[in-house]
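Commentary on secondary and tertiary structure
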Amino acid sequence: MPPRPKRKLKPISTSHTTIFSPGTAVEVSSDEPGFRGSFYLGTIVQPRASDSYLVQYKTLVTESSKGSKPLREVVIFSQLRPAPPPEAKWVFKMGDEVDVYHNDGWWEAMVTRELGNGRFQVFFGAYKEQMEFAKEDMRLHRKWVNGIWVPKFEEDEEAGQKMQTGMEINCVEEKRQEKFRKGTVVEVSSDEDGFQGAWFAATIVEPVGKGKFLVEYHNLRTDDDKDFLREEIDTLHIRPSPPGRVMVGRFNSLEEVDAFYNDGWWVGVISEVLSGSRYVVYFRSTKEEMEFHHSELRLHQECIDGKWLMVSQALKF
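Here the structure is a predicted model, which means the values were calculated and not measured. (Residues numbered from 1 in each chain as written. Predicted model: local features only at pLDDT ≥ 70, side-chain atom pairs only at ≥ 80, totals over all residues. Heavy atoms only, no water.)

Quick word on the overall build of the protein
Quick note on the threshold: The way it works is that DSSP assigns letters per residue, a run of H or I at least four long becomes a helix, a run of E at least two long becomes a strand, and they are numbered from the N terminus. Two residues form a contact once any of their heavy atoms are found within 4.5 Å. To be clear on the numbers: accessible area is Shrake-Rupley with a 1.4 Å probe, and residue cover counts the displayed protein chains and nothing else.
Counting its regular elements, the protein contains two helices and 24 strands. Counting contacts in the protein only where the partners sit at least 6 residues apart, residues at least 24 apart contribute 51% of the total. Here the protein has roughly 17700 Å² of accessible surface; of this, 50% comes from carbon and sulfur atoms.

Structure, rendered in structure tokens:
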């Protein structure tokens, strides 16, 4: 942890902040003319008052005299949904409702014809237009309804059952078999001084050799601030993104948590519960305390013996 003192935070509405905390990968919808039925990938920068959030888009940019930079925008909760997991192999057929990647976003459409060689003709109902797309730029259309994907992903039910019975989910087998696919959301650690003990959200870009992957970080930027940072990382420093966020109305003293700070998640312990949904977190590695808002914390999970374990009480420090 960089040696910084406690900081003061303004009270923020917390009705949805346990779902979309800083660093969460999301998709943002729009009701603006010409954009209806589309979703754009972004990252939560910070929650704002009245159930709104500042997001930074992954593919949309804003131009200025100093060049282009990722577009940031304040959106309301109803425009957000989690970024869906990578789509498993799917055999598309006529009549399927799909999303197609077009103009930097995902657009709802329907398959109207199979053209062969992995290409399909789709119809955009909202705009009465037809276009051709390759299967690599398509995914099955799903809706985010009351915290559930409809239709469900094949692994959703099994994962949910495991989380309800001991909060366990396999976290090592995938790494050992090196099955991180392009587009998989992961977390990356570092052995560099000042970064030990932190995990940073990233997306797999492509494999670059045995046991190595090129990743693109969700929050870390290049030195010139023009792009998201990309690095080659070995599998020892990559893990699947932890299981879905658990709704927590209030953290308790001595509860082990991850705190979002300096664009990453750092493990700590709740040492004091304050008013206004704020907490003091103690970091054992640096023997420091800092103050965080509820929205900047998540329950800490450890990958132990191949399973994700939710740690409810930390060891005394």
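We are not done yet, so read on.
Some details on the pattern of salt bridges
The line we're drawing: In the sections that follow, a salt bridge refers to a side-chain nitrogen of Lys or Arg positioned within 4 Å of a carboxyl oxygen of Asp or Glu. For every residue, the accessible area (1.4 Å probe, protein chains only) is compared with the maximum for its type, and the residue is labelled buried under 20%, exposed over 50%, or partly exposed between those bounds.
Counting across every chain of the model gives 13 salt bridges. One salt bridge connects Arg239 with Glu187, and the closest N-O pair in it is separated by 2.8 Å. Taken together, the positions of Arg239 in strand β17 (residues 238-240) and Glu187 in strand β13 (residues 185-189) put the pair 52 residues apart, joining distant regions of the chain. Of the two residues, Arg239 and Glu187, neither departs from the other in class, the shared state being buried.

So, the nonpolar core
Quick reminder of the rule: The criterion is simple. A nonpolar core is a set of buried Ala, Val, Leu, Ile, Met, Phe, Trp, Tyr and Cys residues joined through side-chain atoms within 4.5 Å. What counts as a domain boundary in this text is fixed by an automatic or database domain assignment.
With 26 residues, the main nonpolar core has Val188, Val215, Tyr217, Ile238, Phe292 and Leu297 as its most contacted residues. If you list the elements that add at least two residues to this core, you get β13, β14 (198-209), β15 (212-221), β18 (256-261), β19 (264-273), β20 (278-283), β21 (288-293) and β22 (297-299). Counting only domains with at least three residues in this core, you end up with domain 3 (177-240) and domain 4 (255-309). Of all hydrophobic cores here, the second largest spans 21 residues; its members include Tyr40, Tyr53, Val111 and Phe124.

Description of unusual backbone geometry
Of the consecutive residues Val150 and Pro151, the connecting peptide bond is found in the cis state with omega at -5 degrees. As for its position among the elements, Pro151 is in the loop between β12 (148-150) and α1 (156-164). Positioned with a positive phi, Asp104 is a non-glycine residue whose angle comes to about 70 degrees. Relative to the helices and strands, Asp104 is located in the loop between β6 (97-102) and β7 (105-116). Under the relative-accessibility criterion, Asp104 is labelled partly exposed at 37%.

Some points on the packing of aromatic side chains
To be explicit about the condition: For Phe, Tyr and Trp, where Trp contributes only its six-membered ring, two rings pair if their centres lie within 6.5 Å, and the inter-plane angle classes them as stacked under 30 degrees, edge-to-face over 60, or tilted in between.
Evaluated as defined, the whole model comprises 12 aromatic pairs. Each ring, one from Tyr101 and one from Trp106, has its centre 5.3 Å from the other, and the planes form 65 degrees; the classification is edge-to-face. According to the relative accessible area criterion, Tyr101 is partly exposed, its value standing at 32%. An angle of 55 degrees between the planes, with centres 6.1 Å apart, marks the rings of Phe195 and Phe200 as tilted. Grouping aromatic residues by their ring pairs yields a cluster made of Phe35, Tyr40, Trp107 and Tyr127.

Concerning the confidence of the model for the protein
Put simply, the rule is: How sure the predictor is of each residue is captured by pLDDT, a score from 0 to 100.
Per-residue pLDDT for the protein has a mean of 79; in total, 79% of the residues score no lower than 70. Taken together, the stretch residues 173-178 has pLDDT below 50 and engages in 11 contacts with residues farther than four places along the chain or on a different chain.

Considering a negative patch on the surface
Just so we agree on the cut-off: Patches draw on residues past 30% relative accessible area with no salt bridge. Two like charges within 9 Å are joined, as are two nonpolar side chains (Val, Leu, Ile, Met, Phe, Trp, Tyr) within 5 Å. Neither His nor the chain ends is counted toward charge; the positive residues are Lys and Arg and the negative residues Asp and Glu. Note that the charge is assigned to NZ on lysines, CZ on arginines, CG on aspartates and CD on glutamates.
A cluster of acidic residues, Asp191, Glu192, Asp193 and Glu231, forms a negative patch on the protein surface. One can find Glu192 in the loop between β13 and β14. Relative accessible area serves as the criterion here: at 49%, Glu192 is assigned to the partly exposed category.

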